[in-house]
Structures are given as structure tokens and as C-alpha cells.
Amino acid sequence: MKHVIALSVVLVLILFSSFAAGEEAGTLFSRDDHPIEEIVRSVMEYPWSGEMNCVNDRVDHETFTEVVLGSDCPDGTINDAATILVSKSTGRVIWYRRTGYRMPEFLNENDLLGLNDDRETARVWRDLENSWLDWGKETFAQLTGDDPGRYYCEFLRCRDENTVLFAFCNDHHGELHAAMICALPDAEQPEPLLMAYADVETDPSVGYDGCLTADQATDIGTKALRETFCDAADHLVLDLRSMVIYDALLYIEIDPDGFESEDAYWAFLDEKRNTCTPLWIIRMIDPRDDLPGVETGHEYWAFVNAQTGELVVPPAVTEYEIGW
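Residues numbered from 1 in each chain as written. Predicted model: local features only at pLDDT ≥ 70, side-chain atom pairs only at ≥ 80, totals over all residues. Heavy atoms only, no water.

Novice: Just checking my understanding: could you explain the packing of aromatic side chains for this structure?
Specialist: Working definition: an aromatic ring pair is given by the centre-to-centre distance plus the angle between the planes. A full pass over the atoms with the stated rule returns 15 aromatic pairs. Here the aromatic rings of Trp132 and Trp135 are separated by 6.1 Å at their centres, their planes lie at 90 degrees, and the arrangement is edge-to-face. On the criterion of helical spacing, the pair formed by Trp132 and Trp135 is a turn pair, its members being three residues apart in helix H4 (residues 119-144). Overall, Trp132 belongs to the partly exposed group, its relative accessible area being 21%. Taking the relative accessible area as the measure of exposure, Trp135 reaches 14% and is therefore buried. Pairing Phe259 with Phe268 gives two aromatic rings, centres 5.2 Å apart and planes at 50 degrees, and the pair type is tilted. The exposure class assigned to Phe268 is partly exposed, which follows from its relative accessible area of 22%. Chaining the aromatic ring pairs together yields one cluster made of Trp125, Trp132, Trp135, Phe155 and Phe166. (Phe/Tyr/Trp six-rings, centres within 6.5 Å; stacked < 30°, edge-to-face > 60°. Helix = DSSP H or I, 4+ residues; strand = E, 2+ residues; numbered from the N terminus. Buried < 20%, exposed > 50% of the residue type's maximum accessible area, 1.4 Å probe, protein only.)

Novice: Before we go on, may I ask you to explain unusual backbone geometry in this structure?
Specialist: With the exception of glycine, the majority of residues adopt a negative phi angle, and the majority of peptide bonds are in the trans configuration. The phi dihedral of Asp247 is positive, around 55 degrees, even though this residue is not glycine. For Asp247, the location among the structural elements is in the loop between strand S10 (237-244) and helix H6 (262-273).

Novice: When you look at the pairing of strand S3 (residues 64-72) in this model, what are you seeing that I'm missing?
Specialist: The two faces of a sheet get side chains in turn, since along a regular strand they alternate between them. The buried count for S3 comes to seven of nine residues, which makes it a mostly enclosed element. Linking strand S2 (residues 54-60) to S3, which pair antiparallel, is a turn of three residues. Pairing analysis gives nine bridges linking S3 to strand S4 (residues 78-87), with the strands arranged antiparallel. Counterpart to Leu69 in the pairing with S4 is Ala82. (Pairing = 2+ DSSP bridges.)

Novice: Which parts of the structure should I look at to understand the pattern of salt bridges?
Specialist: A side chain of one charge can pair with a side chain of the opposite charge when the charged atoms of the two come close. Per the counting criterion, the structure on display carries 11 salt bridges. As a salt-bridge pair, Asp117 and Arg157 come within 2.8 Å of each other at their nearest N and O atoms. Residue Asp117 is found in the loop between helix H3 (109-112) and H4, and its partner Arg157 is found in strand S6 (residues 152-157); the two are separated by 40 residues along the sequence. Judged by its relative accessible area of 26%, Asp117 is partly exposed. A salt bridge links Asp239 to Arg283; the nearest nitrogen and oxygen atoms lie 2.8 Å apart. Highlighted residues: Asp239 in strand S10 and Arg283 in strand S11 (residues 279-285), separated in sequence by 44 residues. It is possible to trace a salt-bridge network through shared partners that takes in Glu37, Arg58 and Asp60. (Salt bridge = Lys/Arg side-chain N within 4 Å of Asp/Glu carboxyl O.)

Here it is, written out as C-alpha cells:
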């Protein structure tokens, strides 16, 4: 999409009208007091943003602001270069895409973590991680205003060998907070280029390309629990939801006694490990369990394939001792 230069100039003037009193662009670990204009300016000033240098459009939505960034063309028009979404509740960038780019599908767990690598490939990736992991954390801070030290950061593989996935997780078992896709440097591009970013937690209506959003996964999980547990499930409230991109089976209780042999059990786990990534975990509780005199609570679980929307295993319920 192209816009005439006159409209773009007006948009740029509006965008930058409040910059004179603002602080210099840099790492912003808190965005609460920073207006959208300053956030957008800081994004455009970093080398990883590429050639973008102006604003092409801005649209306010219910929970976030959408800003289209552009780059000047020799003929006086402006090309769309990237789109960012900024959360109205937190002031953080929660979504970023270079125009025309789509985030790659997640690899299965073994390939994602490099467990299938030969020794030479593993060495190359280890060297890349040593070279660029800190850069990825710094870029995350510059883009979002969030502190990367709050997360467990993984340097993960994509199908394109020149592209890397920085996963910012809540723990070391792959509970994803946000994913950042970057093109690594080459002969024509001396600096890494940020291709896409997706925060899957802050706004439940926003997510990773090709995967269910938190809202969509919750709807599927809630429906499955209600169909399975009927009247008991009518009172359920959401207690936890998390998108897991590896180690997913740690969260699913599978009884080995239900298999003919130990080999059959491990074969089943290996199959699931390579087919249920990524996974949305939906946990709901019955608030009536907190009533006086109730000694046992219940947690209702649904495990949803984040790419297909299918249930990985049937909905389950577990018990726990109140007050434990």
C-alpha cells in the first residue's frame, strides 16, 4: 500500500510534535509514562529496524494502537515497511511485523532445541548463540521496554538457517511469554534485522502467526471441559493459561501403566513430543471449592494444540487438598 507524500508529511508532523520535551530514545524499562509517539520513534532509530523512517498510518483499537511505519521512495511516495501494535494497558510493543513477513512455523522439539544436530552443526549454533544472545536480549529491551532479565531466553532454530528465534520464556521448560524472529547478518547485511515479534501473554487477542491466540485457546479449552464435565464445569473460572513450545509433556500427566510395555510408553512420548509443539495449557478451577467445610479442590485441565486447535489428550481433572 502506498500513500501520497502530503498525507505522510502530516502524519509525521503529528507523530513528532511531542518529541521536543521527551527524553532521548534508548532502552526503556518502563513504558507507563511514555507516549506512543516516543515508543514509535525509538523503534525507528535502532539499526535492527532497517530503512523505516516515518509513520504511514495509525489506528486506535480497543486494547492496542496499530502504527504502520514507512520508508521514503525516490519518486516521493512512501512504502509500508513494518507494523507495530502497542498495548494501551502496558505501553509495550506486543506485536511487530516487517511488511509481507509471516512468522515461521515452530519446529518440533528435537529440531527446535538442536537435539538432532551433528557435532559440527551444534558447534556452529553454539558459536552463533555466544555471538548474538546478548544482542537479542538488548533488542527485546529496546523494542518492548521490558527487562529481559525477567525471562529465560532461548536461542532456537528456524527452518531458514539464517533466521533465529529468540524465545523469552517464564521458565526453562518453554512457557512462552514472547517470540522474536531475527535475520542474522550476511555479506549484504552487516547487522541482524528484526523480522517479527509476538507477545502471546499481554493481550489475549494477539498471538504468534499460525497459532491460536490465548483467547481462542481458552474458548476451545473451556468448551471441551464443559462438554466433558457437564454441570460441574458450568462454574469454572480460568486459573492459568500458558503457551508451551517445548517440554510440553512435563505438564501432562500420562499413566505409564496404561501401556502394554515400557517401550510402548516411551514410543508414545516420543511421538507426542514431536507432534504437540506448541501447546496451549488451560487450567480452570471451581471457585466453590473455597467454601467453608470443603477439604478437596479440583483443577480442570485442557491441552490444546496451538497450531491445529485439537485436544492433545482428553480433558482431565485433578484433586488437591485445600490449604496445602
